[in-house]
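Chain by chain, the residues run as shown.
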Amino acid sequence: MRVGFIGLGDIGMPMALNLIDQGFDVVGSDLAEDKRARLEEGGGRLSSDLTDFADCDVVCLAVPDDAVVESLLVEQGLAGIVAAGATFLVHSTVLPKTVERLASADGRVRILDAPVSGGAARARDGSLTIMLGGQPSPDAQRVLDALGTTVRCGRVGAGAAVKLANQLAMLASLQALYEGLELTATFDVADSLVLEVLRSSTGDSWTARNWGFFDELAKAYDRADVDVSYRPWSKDLWDVVAAARHAGTRVPLAALLSQILAAEVEDHARKAVDPS
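Just so we're clear, the structure is a prediction, and the values are computed from it rather than from any experiment.

If you trace the backbone, Asp 236 turns up in helix α12 (residues 232–247). Asp 236 gets classed as buried once you look at its relative accessible area, which sits at 4%. In contact with Asp 236, other than residues within four places in its own chain, are Thr 93, Leu 164, Gln 167 and Arg 231.

This paragraph deals with the pairing of strand β4 (residues 58–61). Because side chains alternate across β4, one face comprises the buried residues Val 58 and Cys 60, and the other comprises Val 59 and Leu 61, equally buried. Strand direction decides the pairing type here: strand β1 (residues 2–6) and β4, joined by four bridges, are parallel. By the bridge assignment, Gly 4 is partnered in β4 with Val 59. Looking at chain direction, β4 and strand β5 (residues 87–90) are connected through four bridges and run parallel. Across the sheet, the residue bridging to Val 58 is Thr 87, located in β5.

One finds Phe 5, Leu 19, Leu 89 and Val 143 to be the most contacted residues of the largest nonpolar core, which totals 27 residues. Only β1, α1 (12–21), β4, β8 (128–133) and α7 (138–147) provide two or more residues apiece to this core. Broken down by element, the residue count for this core peaks at six residues, all from α1. The contact partners of Leu 19, leaving out residues within four places of it in the chain, are Val 3, Phe 5, Phe 24, Val 26, Val 143, Ala 146 and Leu 147.

Estimated volume of the second largest pocket: approximately 270 Å³. Around the second largest pocket sit 18 residues that line it, and Pro 96, Ala 161, Ala 243, Ala 244 and Ala 247 are the ones nearest its centre. Residue assignment for the lining of the second largest pocket shows that the elements contributing at least two residues are α5 (96–105), α8 (158–185) and α12. The class makeup of the residues in the lining of the second largest pocket is twelve nonpolar, three polar and three charged.

So, on to the pattern of salt bridges. Tallying each qualifying case throughout the model produces 15 salt bridges. Note that Asp 239 and Lys 235 form a salt bridge whose closest N and O atoms lie 2.8 Å from each other. Residue Asp 239 and its partner Lys 235 are located together in helix α12, separated by four residues, close to a single helical turn. Across this residue pair, the class does not change: Asp 239 and Lys 235 are buried. One salt-bridge network, held together by shared partners, links Arg 2, Asp 25, Arg 45 and Asp 55.

Let us look at the packing of aromatic side chains. In total, this model carries six aromatic pairs according to the counting rule given. Relative to Trp 211, the ring of Tyr 178 lies with its centre 5.7 Å away and its plane at 70°, an arrangement referred to as edge-to-face. Of this pair, Tyr 178 sits in helix α8 while Trp 211 is found in the loop between α10 (206–209) and α11 (213–223), placing the two residues 33 residues apart along the sequence. Both rings, one in Tyr 221 and one in Trp 233, keep their centres 5.7 Å apart while their planes meet at 70°; by these two values the pair is edge-to-face. Of this pair, Tyr 221 sits in helix α11 while Trp 233 sits in helix α12, placing them twelve residues apart in sequence. When sorted by exposure, Tyr 221 lands in the same class as Trp 233, which is buried. Connected via pairs of aromatic rings, a cluster forms that spans Trp 206, Phe 213, Phe 214, Tyr 221 and Trp 233.

Rules used throughout
Residues numbered from 1 in each chain as written. Predicted model: local features only at pLDDT ≥ 70, side-chain atom pairs only at ≥ 80, totals over all residues. Heavy atoms only, no water. Helix = DSSP H or I, 4+ residues; strand = E, 2+ residues; numbered from the N terminus. Buried < 20%, exposed > 50% of the residue type's maximum accessible area, 1.4 Å probe, protein only. Contact = heavy atoms within 4.5 Å. Pairing = 2+ DSSP bridges. Core = buried A, V, L, I, M, F, W, Y, C linked by side-chain atoms within 4.5 Å. 1 Å grid on protein atoms, 1.4 Å probe; cavity = no way out; pocket = protein on both sides within 12 Å on 5 of 7 lines; lining within 4 Å. Points joined across faces, edges and corners; volume = space filled by probe spheres on them. Nonpolar A, V, L, I, M, F, W, Y, C, P; charged D, E, K, R; others polar. Salt bridge = Lys/Arg side-chain N within 4 Å of Asp/Glu carboxyl O. Phe/Tyr/Trp six-rings, centres within 6.5 Å; stacked < 30°, edge-to-face > 60°.

As structure tokens, this is what we get:
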């Protein structure tokens, strides 16, 4: 089965390579030439323009934000290039209303939110958690099964909402750890000891068990020249606030984190590189 994959970043590339390993005929696209070359080396085929996705049964999008998703599907006309009945899986973290609007505006194709969680290693071995909004076609389900475990969240937009809830919980834990470790440091307690205690205590979290993950991710974004405003500790928190405003609900913690966390993450990552 031919699958299109647009966006070969830290998560998109291992997802695409995993699909190739599992026997899918993958045609991919990315603006960065080195990423395009890596996909080709991994057995994928490169698109020269969007018409190369015309015969794809499923097209996966792992692009930076809502604006790029909308540009590809509407402004550049990708939704009209593929065959009727094809499915777009939006793996990007986007606003629920974006997927709702796109899905309702085009009845000839399926546009589903399918954001993922788990990191690059799990993307590569096909063990991601996928938060799905909407009803997949059999072909789309085959792709989802190859990528990881699908949790059906409900109607279109629901998967995007669940992903934002995940991001808020994770990033709130990160801020709490920054503050907690700053406090314990004043008592000359090593970070490693605090983190060890948390693993067997009620303060345990994925963030604590993977301490250093965000330092490495920030460095990777630096190498890729990704603006801070597009990094999850900035963009995703603002998306939570925007989604809550649209839904008519309150997220005071997310609002606070959207103002302070990005600077905390970037500062901590710099210190991890250069303790001086």
